[in-house]
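Coordinates in review
The chain contents come next:
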Amino acid sequence: MDLASFARSLEALEERALSSVAAAASPDDLARVDAEILGRKGELRELLGGIGALPTEDRPRVGALANPIRERLEAAIAARREDLELAAVEARLAAEALDVTLPARPLHRGSLHPIRETEREISRIFGQFGFVVVESPEVETDELNFQALNIPEDHPARDLWDTIYLREPTERPAGAPRRLFRTHTSPGQIRAMRASTPPIRILTPGRCFRYEAVDASHAFEFFQVEGLMIDEGTSMADLRGLLDAFAHAMFGAGRPTRFRPGYYPFTEPSVAFDIGCVVCDGSGCPACGRSGWMTILGAGMVHPVVLRNGGIDPERYQGFAFGMGTDRITMLRHAIRDIRAFLANDLRFLERL
Ligand code: PHE
């Protein structure tokens, strides 16, 4: 073999290789072509391995012939690789394209429960008079739910509250308090008095429990907001004025209100606070028992025994307390007839309010 035919072989190889590179359809395909031509066992190596058949004086010139060919092939492969990779990216982009012009699915937004909204509105109104919200536990001791509120064991007044006692996991140690689901938020009064010193103005909203036969106006789980104010020189007139302001803010400025005598062991005197019926506006209808009035809360001046149980000197301080049914107030605000709707979790009900 002479140098000229060696050169022709090189040119032929280049020509074949370039068309293989151009024909490579994928990066994998191209890698295979690359190995076949330029690889360690590739065609170029194989051809160059044959220089032994050339005359000795021609051999040094082989490099000058072969190197530009190798460089052109390498460049062609690199260029082809770039094209193929770009094409692959473009194909993926096309395949994964999102049609952003499609109208979005409507978002399902939650909202506050109507009871919670009422709680917040009550807190907002009393907040304007300096009352702050404090939490009080749902599981209480007999002492705080009853005894400290002037309701001793075996007192007939306990019949006012149909209590759900807890079955304790183990035998109660002697002297450990009997625990129950609070029947009202009033134990929050004792906690607030023991936790601070007058002047006190607090609200404790929350869930209460009673062993009730359930019907449209009784639930065994319901909500109250308790209010307590303790200071020097507080009177029934302050209580009346505050509750009037509340009733007007919640149910409209012209809403008539009245006090009726009531009874609670922890207040003396005790009252029921009524507003003019929100259904018939006083003319008398089935909703108000044809009286024209609806009771929205119980209240009174805090009993001296209760003050003392809260660690407060009844000679120096007085105060008043009130407790309202959040469910009942919510029912009046939204003309809801059945208290059971609040805990049924029916979205059709919850979304309509
Ligand atoms: N705790 C009473 C009830 O559940 C309401 C109340 C609270 C009355 C505070 C007077 C003072 O019926």
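What counts, and at which threshold
Residues numbered from 1 in each chain as written. Predicted model: local features only at pLDDT ≥ 70, side-chain atom pairs only at ≥ 80, totals over all residues. Heavy atoms only, no water. Helix = DSSP H or I, 4+ residues; strand = E, 2+ residues; numbered from the N terminus. Near = heavy atom within 4 Å. Polar contact = N/O pair within 3.5 Å; in protein donor to acceptor, adjacent residues only side chain to side chain. Areas by Shrake-Rupley, 256 points an atom, 1.4 Å probe, with all protein chains shown as cover. Pairing = 2+ DSSP bridges. Axes fitted to C-alpha atoms, helices over the stretch in contact; angles between N-to-C directions. Parallel < 35°, antiparallel > 145°, perpendicular 65-115°, else oblique. Contact = heavy atoms within 4.5 Å. Nonpolar A, V, L, I, M, F, W, Y, C, P; charged D, E, K, R; others polar. Expected span 1.5 Å × (residues − 1). Buried < 20%, exposed > 50% of the residue type's maximum accessible area, 1.4 Å probe, protein only. Domains from an automatic or database assignment. Salt bridge = Lys/Arg side-chain N within 4 Å of Asp/Glu carboxyl O. 1 Å grid on protein atoms, 1.4 Å probe; cavity = no way out; pocket = protein on both sides within 12 Å on 5 of 7 lines; lining within 4 Å. Points joined across faces, edges and corners; volume = space filled by probe spheres on them.

**Notes on unusual backbone geometry**
A negative phi holds for most residues other than glycine; trans holds for most peptide bonds. The omega angle of the peptide bond from Pro198 to Pro199 is 0°, so this bond is cis rather than trans. Omega for the bond connecting Glu268 with Pro269 falls within 30 degrees of zero, at -5°, which places this linkage in the cis form. Inspection of the secondary structure assignment puts Pro269 in strand S8 (residues 267-276). Of note in this structure, Asn345 is not a glycine but carries a positive phi near 60°. Take Asn345: it is sitting in the loop between helix H10 (326-334) and helix H11 (347-352).

**Digging into the site of the ligand**
Close to the ligand lie 15 residues; His184, Ser186, Arg210, Gln224 and Gly323 are nearest. In the environment of the ligand, a nitrogen atom lies 3.0 Å from a nitrogen or oxygen atom belonging to the side chain of His184. Note that an oxygen atom of the ligand is positioned 3.0 Å from one of the side-chain N or O atoms of Arg210. Look at the ligand: alone it shows 320 Å² of surface, and the protein chains cover 93% of it. At the level of elements, strand S6 (221-231), strand S9 (293-302) and strand S10 (318-325) are the ones that each hand at least two residues to the shell around the ligand. Of all the elements, S10 adds the most residues to the shell around the ligand, at three residues.

**Some remarks on the sheet that holds strand S4 (residues 179-181)**
Reading across the sheet, the three strands line up as S2-S4-S3 and stay open at both edges, with antiparallel pairing between neighbours. Both outer strands of the open sheet, strand S2 (139-141) and strand S3 (164-165), are each paired with one neighbouring strand and no more. Pairing between S3 and S4: two bridges, direction antiparallel. Of the residues in S4, the one forming a bridge with Ile164 is Phe181.

**Description of the packing of helix H1 (residues 3-23) against helix H4 (residues 62-95)**
Interaxial distance between H1 and H4 falls to 10 Å at its minimum, and their mutual angle equals 5°. Classified by the angle their axes make, H1 and H4 are roughly parallel. Here Leu3, Phe6, Ala7, Leu10, Glu11, Leu13, Glu14, Ala17, Leu18, Val21 and Ala22 of H1 lie close against H4, whose contacting residues are Val62, Leu65, Ala66, Ile69, Arg72, Leu73, Ala76, Ile77 and Arg80. For the contact of H1 with H4, the residue count by class is 16 nonpolar, no polar and four charged.

**Side note on helix H5 (residues 114-127)**
An ideal rise of 1.5 Å per residue puts 20 Å on 14 residues; H5 measures up with 19 Å between its terminal C-alpha atoms. Of the residues making up H5, those classed as buried are Pro114, Ile115, Thr118, Glu119, Glu121, Ile122, Ser123, Ile125 and Phe126.

**Digging into the domain arrangement of the protein**
Looking at the protein, the domain boundaries give domain 1 (3-95) and domain 2 (114-351). On a C-alpha basis, the centroid separation for the pair domain 1 and domain 2 is 92 Å.

**Describing the pattern of salt bridges**
Summed over all chains, the structure comprises 18 salt bridges. When salt bridges that share partners are traced, they join Asp29, Arg32 and Glu36 into one network.

**Topic: the layout of surface pockets**
By volume, the largest pocket is sized at about 1200 Å³. Lining the largest pocket are 44 residues, with Ser217, Thr295, Ile296, Gly325 and Arg328 positioned closest to its centre. The set of elements that each furnish at least two residues to the lining of the largest pocket consists of S6, strand S7 (257-264), S8, S9, S10 and H10. When residues in the lining of the largest pocket are grouped by element, the largest group, seven residues, is from S9. Size it by volume and the second largest pocket reaches roughly 150 Å³. The wall of the second largest pocket is formed by Arg116, Glu119, Val133, Glu135, Ser136, Glu138, Arg182, Pro205, Gly206, Arg207 and Phe223. Looking at the lining of the second largest pocket, the elements with two or more residues in it are H5 and strand S5 (200-209). Of all the elements, S5 adds the most residues to the lining of the second largest pocket, at three residues. Across the lining of the second largest pocket, the residue classes break down as three nonpolar, two polar and six charged.

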